[in-house]
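Below are the chains, spelled out letter by letter.
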Amino acid sequence: MIKINDNFCELPASYLFSDVAKRINAFKAEHPDVEIIKMGIGDVTQPICPAAIQAMENAVADQADRVTFHGYGPEQGYDFLRRRIVDVDYRSRNIDIDIDEIFISDGAKSDTGNIGDILSTDCKVAVTDPVYPVYVDTNVMAGRAGHLVDGRWSRIEYLPCTAENGFIPSLPKDNPDVIYLCYPNNPTGTTLNRSQLEKWVEYAKDNNALILFDSAYEAYITEPDIPHSIYEIPGAKDVAIEFRSFSKTAGFTGLRCGYTVVPKALKGLSKNGDEVSLNALWNRRQCTKFNGASYIVQRAAEALYSTKGRHQVKETIAYYMRNASLLRNGLSAAGLEVWGGVNAPYIWVKTPGGLSSWEFFDLLLEKCGIAGTPGLGFGPSGEGYFRLTAFGRYEDTVAAVERLSSCLLYTSDAADDLTRVD
């Protein structure tokens, strides 16, 4: 029989969101008449903006004409999209990024998982905790994580983010080679301000560490002192790779498109001690393993940068942030401790009465018909917390808040105090 990659056997049997879906489906089978409001998986509900739809229709017409037909595109992405990204996302913020530092992909999830291909399996990894599961699981698959012991991987340094430290992680103590940062944060919805992010760039420069910076939610930032890109921090191009996505900003969860910025200033060391360009390595990886995002989808992404497209995207984001504000205020009024929902479309809730995150999941599902995501699924420090997303329909969000208001009574005395009001 063929030998396998044993690292996959180290992983838990199923992915977090698969477990959530199984519990929801089991509940629906037993309670077919209950209308469940799903606020767990961060999928969007609003349609793709008209500018992008029109661009796709035009691109489809291009594919029907021999003169304008496009087959294989450049693995790095079409220049028409890369130029718009450089001009609008970076140079408009006085950030000097070159077009050949931009790599178009089929989404940030793919790139945050695949970036490890160009890094040594000996690299030590640090993650903020709680954390987007892809960061950890892909390092397990690559053999960097060690073994799972009491909910923690032995070769990964966990940097707790809880109410006790204001959800601001401490700098690493174990001198990791690679540090994952996601801000605005998924799952907690919290942020780092400029001075806080400067400390991370300074740490990375002083300790020869690489920051993998996931800024998939930067378009949701409302406060002026929150950086939209890590490259707003001087020196960051020497230590950081940045990941962006059109999924949550423009509803591209089904279309699939994002991009990664790998500055040419970034260097790594070969086993012989030679300096190697990470930009060149990522380009080589993409040329070998990726045929590029489709022409039609890239034309849609390009349209997001038009005057109409940018206005329409802002309207969509405002729609979701109205949901976020409604959730945040409604949960607070119900007596729960909440974070997020200001610079991100996620609401992070402290479970009441000492309930575990899975107990609170079951309670909300059974008593309120609301499905969220247990914090423990995001890491050890997620225990005792719960994530809700603002990506649902406004009407469903209103209904969810009404259900919470009528279903929940909360005191801090005991979990039994969280009960349905008859």
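Source: prediction; values computed, not measured. (Residues numbered from 1 in each chain as written. Predicted model: local features only at pLDDT ≥ 70, side-chain atom pairs only at ≥ 80, totals over all residues. Heavy atoms only, no water.)

## What about the overall build of the protein chain?
Turning to step 1, where the next piece is worked out: Within the protein chain one finds 13 helices and 17 strands.
Turning to step 2, where the next piece is worked out: Over its C-alpha atoms the protein chain spans a radius of gyration of 22 Å, differing by no more than 12% from the 22 Å that the globule rule assigns to 422 residues.
Turning to step 3, where the next piece is worked out: For the protein chain, the C-alpha atoms occupy an extent of roughly 65 × 55 × 50 Å along the three principal directions.
Turning to step 4, where the next piece is worked out: The buried share among the 422 residues of the protein chain stands at 53%.
Turning to step 5, where the next piece is worked out: Counting contacts in the protein chain only where the partners sit at least 6 residues apart, residues at least 24 apart contribute 71% of the total.
Turning to step 6, where the next piece is worked out: In the form shown here, the protein chain has an accessible surface area of approximately 18900 Å², with 50% of it arising from carbon and sulfur atoms.
Turning to step 7, where the next piece is worked out: Mean positive and mean negative side-chain charge positions of the protein chain (42 and 55 charges, respectively) differ by 5 Å. (Helix = DSSP H or I, 4+ residues; strand = E, 2+ residues; numbered from the N terminus. Rg over C-alpha atoms; globule rule 2.2 N^0.38 Å. Buried < 20%, exposed > 50% of the residue type's maximum accessible area, 1.4 Å probe, protein only. Contact = heavy atoms within 4.5 Å. Areas by Shrake-Rupley, 256 points an atom, 1.4 Å probe, with all protein chains shown as cover. Lys, Arg positive; Asp, Glu negative; His and termini not counted. Charge placed at Lys NZ, Arg CZ, Asp CG, Glu CD.)

## Considerations on the pattern of salt bridges
Turning to step 1, where the next piece is worked out: Counted under the stated rule, the structure contains 17 salt bridges.
Turning to step 2, where the next piece is worked out: Asp-98 is the partner of Lys-264 in a salt bridge, and the nearest nitrogen-oxygen pair spans 3.1 Å. With a gap of 166 residues between them, Lys-264 in the loop between strand E10 (258-261) and strand E11 (267-269) and Asp-98 in the loop between helix H4 (79-90) and strand E2 (102-105) connect regions that are remote in the sequence.
Turning to step 3, where the next piece is worked out: The closest approach of N and O atoms between Asp-100 and Lys-264, which form a salt bridge, is 3.1 Å. (Salt bridge = Lys/Arg side-chain N within 4 Å of Asp/Glu carboxyl O.)

## A look at the sheet that holds strand E7 (residues 178-182)
Turning to step 1, where the next piece is worked out: With mixed pairing, the 7 strands of this open sheet are ordered in space as E2-E10-E9-E8-E7-E3-E6. Where the open sheet ends on each side, the last strands, each with one partner, are E2 and strand E6 (156-160). On average, each strand axis in the sheet is inclined to that of its neighbour by 20 degrees, with strand direction left out of account.
Turning to step 2, where the next piece is worked out: As paired strands, strand E8 (residues 210-214) and strand E9 (residues 240-245) are joined by 4 bridges and run parallel to one another. Residue pairing across strands places Leu-212 opposite Ile-241, the latter belonging to E9.
Turning to step 3, where the next piece is worked out: Each of strand E3 (125-129), E6, E7 and E8 is contacted by helix H6 (residues 133-142), which is oriented at about 155 degrees to E7, the strand it contacts most. (Pairing = 2+ DSSP bridges. Axes fitted to C-alpha atoms, helices over the stretch in contact; angles between N-to-C directions.)

## Examining the environment of Phe-69
Turning to step 1, where the next piece is worked out: Here Phe-69 is to be found in the loop between helix H3 (50-63) and H4.
Turning to step 2, where the next piece is worked out: Sequence separation of Phe-69 and Ala-59 is 10 residues, and the distance between their C-alpha atoms is 8.9 Å.
Turning to step 3, where the next piece is worked out: Those residues in contact with Phe-69 that sit more than four places away from it in its chain are Asp-62 and Gln-63.

## A closer look at the environment of Pro-263
Turning to step 1, where the next piece is worked out: Mapping Pro-263 onto the fold places it in the loop between E10 and E11.
Turning to step 2, where the next piece is worked out: On the accessibility criterion, Pro-263 (0% relative accessible area) is buried.
Turning to step 3, where the next piece is worked out: Here the alpha-carbon distance between Pro-263 and Glu-101, two residues 162 residues apart in the chain, equals 5.3 Å.
Turning to step 4, where the next piece is worked out: With sequence-adjacent residues up to four places away left out, Pro-263 is seen in contact with Glu-101, Tyr-231, Lys-237, Ala-240 and Asn-279.

## Some points on the sheet that holds strand E14 (residues 346-350)
The strands making up a sheet are joined through hydrogen bonds of the backbone, oriented either antiparallel or parallel.
Turning to step 1, where the next piece is worked out: With antiparallel pairing, the 4 strands of this open sheet are ordered in space as E13-E14-E17-E16. Both outer strands of the open sheet, strand E13 (338-340) and strand E16 (373-374), are each paired with one neighbouring strand and no more.
Turning to step 2, where the next piece is worked out: Where E13 and E14 come together, 3 bridges link them in antiparallel fashion. Bridged to Gly-340 within E14 is Ile-347.

## Some words on the pairing of E7
Turning to step 1, where the next piece is worked out: In terms of burial, E7 is largely enclosed, as 5 of its 5 residues are buried.
Turning to step 2, where the next piece is worked out: Burial of E7 is two-sided: the residues Val-178, Tyr-180 and Cys-182 facing one way and the residues Ile-179 and Leu-181 facing the other way are all buried.
Turning to step 3, where the next piece is worked out: Pairing between E3 and E7: 3 bridges, direction parallel. Bridge pairing in E7 places Val-127 opposite Tyr-180.
Turning to step 4, where the next piece is worked out: Of the pairings in the sheet, the one linking E7 to E8 comprises 5 bridges and is parallel in character. Following the sheet pairing, Cys-182 is matched in E8 by Asp-214.
Turning to step 5, where the next piece is worked out: Regarding the hand of the β-α-β motif, the stretch spanning E7, helix H7 (residues 194-207) and E8 is right-handed. (Right-handed = clockwise from strand over helix to strand, strands pointing away.)

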